[in-house]
Amino acid sequence: MSLSERREDQVRQLLAGPLPAVPPGLAAAAAARGERRLRRQRALRRVMWLLLCLAVVAFTVWASVEQPWVRPPAETTPPLQGW
């Protein structure tokens, strides 16, 4: 008998035997954990959206004050001609 056949026999014996008893509060505990996880995910998603909105506002304020699209003034003056 090979290893895989032995494992299959063990699984068949487990499935054919009596089912183990489930603790009485298992479903309620699993539901409570699931609700906590969903609440945490929802809160994290809201915080991420808030941070994204703040970053957009900060970038907009910076761009309106700094105006990076405008060419900076020349640091040297052109030579005088015609004098």
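What this report covers is the structure whose coordinates are included nearby. (Residues numbered from 1 in each chain as written. Predicted model: local features only at pLDDT ≥ 70, side-chain atom pairs only at ≥ 80, totals over all residues. Heavy atoms only, no water.)

Helix and strand counts for the chain stand at two helices and zero strands. Expected size for 83 residues packed as a compact globule is a radius of gyration near 12 Å; at 35 Å, the chain overshoots this value by more than 25%. Taking the principal axes of the C-alpha coordinates as reference, the chain spans close to 110 × 40 × 10 Å. As displayed, the chain offers around 8,500 Å² of accessible surface, 65% of which is attributable to carbon and sulfur atoms. (Helix = DSSP H or I, 4+ residues; strand = E, 2+ residues; numbered from the N terminus. Rg over C-alpha atoms; globule rule 2.2 N^0.38 Å. Areas by Shrake-Rupley, 256 points an atom, 1.4 Å probe, with all protein chains shown as cover.)

Here the focus is unusual backbone geometry. A positive phi angle, near 50°, is found at Q67, a position not held by glycine. Relative to the helices and strands, Q67 resides in the segment after α2 (26–66).

Once that is clear, we can look at the pattern of salt bridges. Summed over all chains, the structure comprises two salt bridges. In this structure, R12 engages E8 in a salt bridge whose closest nitrogen and oxygen atoms are separated by 3.8 Å. One end of the pair, R12, and the other, E8, are both in helix α1 (residues 3–16), four residues apart, so they sit about a helical turn from each other. (Salt bridge = Lys/Arg side-chain N within 4 Å of Asp/Glu carboxyl O.)

Together, R33, R36, R39, R40, R42, R45 and R46 give the surface a local cluster of positive charge. Judged by relative accessible area, which is 41%, R42 ranks as partly exposed. (Patch = residues over 30% accessible without salt bridge, like charges linked within 9 Å, V, L, I, M, F, W, Y side chains within 5 Å. Lys, Arg positive; Asp, Glu negative; His and termini not counted. Charge placed at Lys NZ, Arg CZ, Asp CG, Glu CD. Buried < 20%, exposed > 50% of the residue type's maximum accessible area, 1.4 Å probe, protein only.)

Let us now look at a nonpolar patch on the surface. A cluster of nonpolar residues, L44, V47, M48, L50, L51 and L54, forms a patch on the protein surface that exposes about 590 Å² of accessible area. With respect to the helices, strands and loops of the structure, L50 is situated in helix α2.

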